[in-house]
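Here is what each chain is made of, one letter per residue.
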Amino acid sequence: MYKGFYHLTRNPFEITPDPSFLFATKKHNEALASLYYGVRRRKGFVVLTGEVGTGKTLLVRCLLALLNQARVSYAYVFNPRLSPKEFLEYIAGDFGLPATGKTKGELLLSLGTYLIGRHQKNLTTVLVVDEAHYLSTELLEEIRLLTNLETPQAKLLQILLVGQPELDEKLDSTDLRQLKQRIALRSHLHPLTLDETAGYIYRRLQIAGHPTPAELLPMETIVEVHQQSRGYPRLINTLCENALICGYASRSQTITPEMIAEIAADFRLNVVRPSRAAQAGSEAHAAEVERAARTLLELYASLRKAQELEPDLRMTVAAGARKHEPFI
Ligand SMILES: Nc1ncnc2c1ncn2[C@@H]1O[C@H](COP(=O)(O)OP(=O)(O)OP(=O)(O)O)[C@@H](O)[C@H]1O
Ligand SMILES: [Mg+2]
């Protein structure tokens, strides 16, 4: 709609993760290098985490493009809310193996044979699981068992788990400590800094063919975008995309900070209500504090009583009471 008005050849702020738009921040670069290295060196287990909309799926797509060039075969699971059997069926199918009507044992057997065959030809095979924070403990345990497919020298299947920070919490649970110990490499993505936000926006506009990005979005507008989006790339895209629509509607060749602030307010970007789980957690915490305070009061009352009955306790109680004064 606004492309002609802004002399753009394509839409610069699509929210789909398109590798051709990759802006290689230091962190994104390091993470991509680490994933690629982990897979090519057959390290076994690699984990990538990051908050919502920080570019994890984009990096996975960049990695898969690199793996295609290197003749690495992969199965890519992007919705892991599956039962263990469905999961095995899915990855066997993605590797091109017959999967329907097989028992779990048969699926594991054909997967093992396939992996050994590839290993004998010195070829790497990868399993990538995106949105891995949705994996059940049962499925994570099943994935750990897949890492047992190995020769004395190397893992036959390289596994990359990608997910939001809840994945780290899952991996920290005692039930999954065996899996956690097998992780060879870990990377974490962060939101963008102000400088990175400027580079990110200008790079996207350049790729989309804008002749003078700094005139379209001057630095004071970028500062507002960074503040409102807190550096999360997906939110940056949403703000900028809508700013271009507004700018076009008002025939403006420059996007102002006020336009960004208005869009952020429309999208309620500064309204964040804690999740039910977090709310339940803080309510539980408040109840615990209240219980502790009540116990202290009871303790204090019983010490006062003991002091009246037993004058020798006077000194001890006085000292104790002073110590606990702030609580009472
Ligand atoms: N370094 C980057 N360069 C270019 N675009 C990026 C970068 N990081 C993120 N983006 C863009 O931000 C948007 C969100 O990225 P992506 O979908 O990869 O996030 P995610 O971390 O997988 O989010 P979620 O946790 O919701 O799955 C996409 O449009 C993506 O292209
Ligand atoms: Mg994603």
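In the block above lies the structure referred to throughout.
Residues numbered from 1 in each chain as written. Chains lettered and ligands numbered in written order. Predicted model: local features only at pLDDT ≥ 70, side-chain atom pairs only at ≥ 80, totals over all residues.

Chemist: Please explain the site of ligand 1 as it appears in this structure.
Modeler: As a structural note, the neighbourhood of ligand 1 is formed by 21 residues, with Gly55, Lys56, Thr57, Leu58 and Pro233 the closest of them. Breaking the shell around ligand 1 down by element, the ones donating at least two residues are helix 2 (56-69) and helix 11 (233-249). The class makeup of the residues in the shell around ligand 1 is 8 nonpolar, 10 polar and 3 charged. Composition of the shell around ligand 1 by domain shows at least three residues from each of domain 1 (26-189) and domain 2 (194-266). (Near = placed C-beta within 6 Å. Helix = DSSP H or I, 4+ residues; strand = E, 2+ residues; numbered from the N terminus. Nonpolar A, V, L, I, M, F, W, Y, C, P; charged D, E, K, R; others polar. Domains from an automatic or database assignment.)

Chemist: Whenever I open this one, the packing of helix 8 (residues 194-207) against helix 10 (residues 219-229) confuses me. Can you help?
Modeler: Relative orientation and spacing of two packed helices are given, respectively, by the angle between their axes and the distance between those axes. Contact geometry of helix 8 with helix 10 gives a least axis separation of 9 Å together with a crossing angle of 115°. With respect to helix 10, the axis of helix 8 lies roughly perpendicular. Where helix 8 crosses over helix 10, the two elements pack in a sense that is right-handed. Residues Leu194, Thr197, Ala198 and Ile201 of helix 8 form the contact with helix 10, whose participating residues are Met219, Ile222, Val223, Val225 and His226. The class makeup of the residues in the contact of helix 8 with helix 10 is 7 nonpolar, 2 polar and no charged. (Axes fitted to C-alpha atoms, helices over the stretch in contact; angles between N-to-C directions. Parallel < 35°, antiparallel > 145°, perpendicular 65-115°, else oblique. Left-handed = near helix turned anticlockwise from the far one by under 90°. Contact = placed C-beta atoms within 7 Å.)

Chemist: Help me understand the nonpolar core, please; the structure alone is not making it clear to me.
Modeler: Nonpolar side chains in soluble globular proteins tend to be buried together. In this structure, Leu35, Leu59 and Leu160 are the most contacted members of the largest nonpolar core, which totals 43 residues. Residue contributions to this core peak at 6 residues, all from helix 2. Here leucine 59 is in contact with His28, Ala31, Leu32, Leu35 and Leu48, once residues within four sequence places are set aside. Ranked by size, the runner-up nonpolar core spans 22 residues in total, among them Phe13, Val225, Tyr232 and Ala243. (Core = buried A, V, L, I, M, F, W, Y, C linked by C-beta atoms within 7 Å. Buried ≥ 20, exposed ≤ 12 C-beta atoms within 10 Å, placed from the backbone.)

Chemist: What should I look at first to understand helix 4 (residues 104-120) in this one?
Modeler: For an α-helix, the turn length of 3.6 residues means that residues three or four places apart are oriented alike. Over its 17 residues, helix 4 runs 24 Å from end to end, which matches the ideal 24 Å to within 8%, given 1.5 Å per residue. At its buried positions, helix 4 is contacted by helix 3 (84-94) and strand 3 (125-129). Phi turns positive, to about 60°, at asparagine 122, one or two residues after helix 4. (Expected span 1.5 Å × (residues − 1).)

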